[in-house]
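Coordinate inspection notes
Each chain, letter by letter, is given below.
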Amino acid sequence: QQQVKQSPQSLIVQKGGISIINCAYENTAFDYFPWYQQFPGKGPALLIAIRPDVSEKKEGRFTISFNKSAKQFSLHIMDSQPGDSATYFCAASTKRSGSARQLTFGSGTQLTVLP
Amino acid sequence: DAGVTQSPTHLIKTRGQQVTLRCSPKSGHDTVSWYQQALGQGPQFIFQYYEEEERQRGNFPDRFSGHQFPNYSSELNVNALLLGDSALYLCASSSLFQGGYTFGSGTRLTVV
């Protein structure tokens, strides 16, 4: 199965709070799990990514937690700011020899951070 | 350093018509992938081009075709447009060996 399931569909957080978005996958061949941030009228921009041999990766206020046995991964945004208000997509990828990566995206989470 | 450039930014077409979308990859990138993003959904992979050949294809009908030129730029062609083809079409470029997936801002296609 190629599907990546993402929840929640929308999320409202107060400024300074923690935003948590969850994703689950089925295909055990996936070996790269990026998170993208998308603002209206723009393409997705890479936020942070993790490989399945690592259980956690932190970059600034953004942390990915990865549970290989449960086939789940999540994005935590600490000290959420109004500027973080955007749509967030999880994705999963495999890479075949002779080809670049093909991304399978979740359905997205609309994050609103209230001032 | 220019990123991924897509043209046009917006387009309105009538059902049954044909459309061509264009993409210039980021400098240093040799691979172009195309995605369709319906309103409120995540992007879906259409196909990928490297060395002027289609290397991978998602679950899209043959009405969707593409091309890659020697300068690595790419075109996406859609024939016999349907209302359901209305979406944001995203181009992403990367380097086959060094990665670096970068998306353009997309072309908003509206079929009426």
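Residues numbered from 1 in each chain as written. Chains lettered and ligands numbered in written order. Predicted model: local features only at pLDDT ≥ 70, side-chain atom pairs only at ≥ 80, totals over all residues. Heavy atoms only, no water.

1. Describing the side chain of T31 of chain B
Along the polypeptide, T31 of chain B turns up in strand 4 (residues 31-37). Side-chain polar atoms of T31 of chain B contact the side chain of D30 of chain B, separated by 2.9 Å. In contact with T31 of chain B, other than residues within four places in its own chain, are A100 of chain A together with Q48, Y49, Y50, Q68, A92, S93, S94 and L96 of chain B. (Helix = DSSP H or I, 4+ residues; strand = E, 2+ residues; numbered from the N terminus. Polar contact = N/O pair within 3.5 Å; in protein donor to acceptor, adjacent residues only side chain to side chain. Contact = heavy atoms within 4.5 Å.)

2. Quick notes on unusual backbone geometry
Cis geometry is adopted by the peptide bond preceding P8 of chain A, which originates at S7 of chain A and carries an omega value of -5°. Secondary-structure assignment places P8 of chain A in the loop between strand 1 (4-7) and strand 2 (10-14). The linkage connecting S7 of chain B with the following residue, P8 of chain B, adopts the cis geometry, with an omega of -10°. With respect to the helices and strands, the residue P8 of chain B is situated in the loop between strand 1 (5-7) and strand 2 (10-13). Non-glycine residue Y72 of chain B carries a positive phi angle of around 80°. Mapped onto the secondary structure, Y72 of chain B falls in the loop between strand 7 (64-68) and strand 8 (74-78).

3. Things to note about the nonpolar core
Among the nonpolar cores identified, the biggest contains 24 residues, and F33, W35, F73, L75 and Y88 of chain A are the most heavily contacted of them. Every element with two or more residues in this core is listed here: strand 2, strand 3 (19-25), strand 4 (33-38), strand 5 (45-50), strand 7 (62-67), strand 8 (72-77), strand 9 (86-94) and strand 11 (109-114) of chain A. The greatest single-element share of this core, amounting to four residues, is contributed by strand 9 of chain A. Discounting chain neighbours no more than four positions away, the residues touching L75 of chain A are S19, I20, I21, W35, L47, I48, F62, T63, I64 and Y88 of chain A. With 20 residues, the next largest nonpolar core counts V32, W34, F60 and V111 of chain B among its residues. (Core = buried A, V, L, I, M, F, W, Y, C linked by side-chain atoms within 4.5 Å. Buried < 20%, exposed > 50% of the residue type's maximum accessible area, 1.4 Å probe, protein only.)

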